[in-house]
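Residue-level listing of the chains:
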Amino acid sequence: MKPLEKELATYQKEKSRLLAESMGKFVLIKEDKVVGIFVSQEDALAEGYKQFGNTEFLIKKITEFEEIGNFTRALV
């Protein structure tokens with residue numbers, strides 16, 4: 001099983017409800033459970049570490065369309 005596969009499937013299953021209730025906020029998901037909805041990514045992350053420690057969990061911004069992130073780093 002791929003990392004976060006259960007969590008991503010849970011997000012897709014719950015997406016319509018999450019969009020209707022909490023668009024623009026952040027959802028914390030562990031396996032097949034929506035743990036909570038948070039105003040900021042930082043709050044969701046803090047709660048994830050508090051409840052689960054240094055293990056896999058998903059934090060995702062609740063949006064209708066996927067936002068593309070672009071990350072770079074200096075290769076000096």
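Here, every reference points to the structure presented above.
Computed from a predicted model, the values in this text were never measured in an experiment.

So, how was this worked out
- Residues numbered from 1 in each chain as written.
- Predicted model: local features only at pLDDT ≥ 70, side-chain atom pairs only at ≥ 80, totals over all residues.
- Heavy atoms only, no water.
- Buried < 20%, exposed > 50% of the residue type's maximum accessible area, 1.4 Å probe, protein only.
- Helix = DSSP H or I, 4+ residues; strand = E, 2+ residues; numbered from the N terminus.
- Pairing = 2+ DSSP bridges.
- Contact = heavy atoms within 4.5 Å.
- Core = buried A, V, L, I, M, F, W, Y, C linked by side-chain atoms within 4.5 Å.

1. Focus on the pairing of strand 3 (residues 58-61)
Next up, step 1: Burial along strand 3 is one-sided: Leu58 and Lys60 are buried, while Ile59 and Lys61, pointing the other way, are not.
Next up, step 2: For strand 1 (residues 26-30) and strand 3, the ladder comprises four bridges, and the chain directions are antiparallel. Across the sheet, the residue bridging to valine 27 is lysine 60, located in strand 3.

2. Side note on the environment of isoleucine 59
Next up, step 1: Summarising the element assignment, isoleucine 59 is placed in strand 3.
Next up, step 2: It is 8.4 Å that separates the C-alpha atoms of isoleucine 59 and glycine 48, two residues lying eleven residues apart in sequence.
Next up, step 3: Among all residues touching isoleucine 59, those that are not within four sequence positions of it are Phe26, Val27, Leu28, Gln41, Ala44 and Leu45.

3. Some details on the nonpolar core
Next up, step 1: Among the nonpolar cores identified, the biggest contains seven residues, and these are Tyr11, Leu18, Leu19, Val27, Ile29, Leu58 and Ile62.
Next up, step 2: Looking at this core, the elements with two or more residues in it are helix 1 (5-22) and strand 1.
Next up, step 3: Not counting residues within four places of it along the chain, the set of residues in contact with leucine 58 comprises Leu4, Glu7, Leu8, Tyr11, Val27, Leu28 and Ile29.
Next up, step 4: In this structure, Phe26, Phe38, Ala44 and Phe57 belong to the second largest nonpolar core, which totals five residues.

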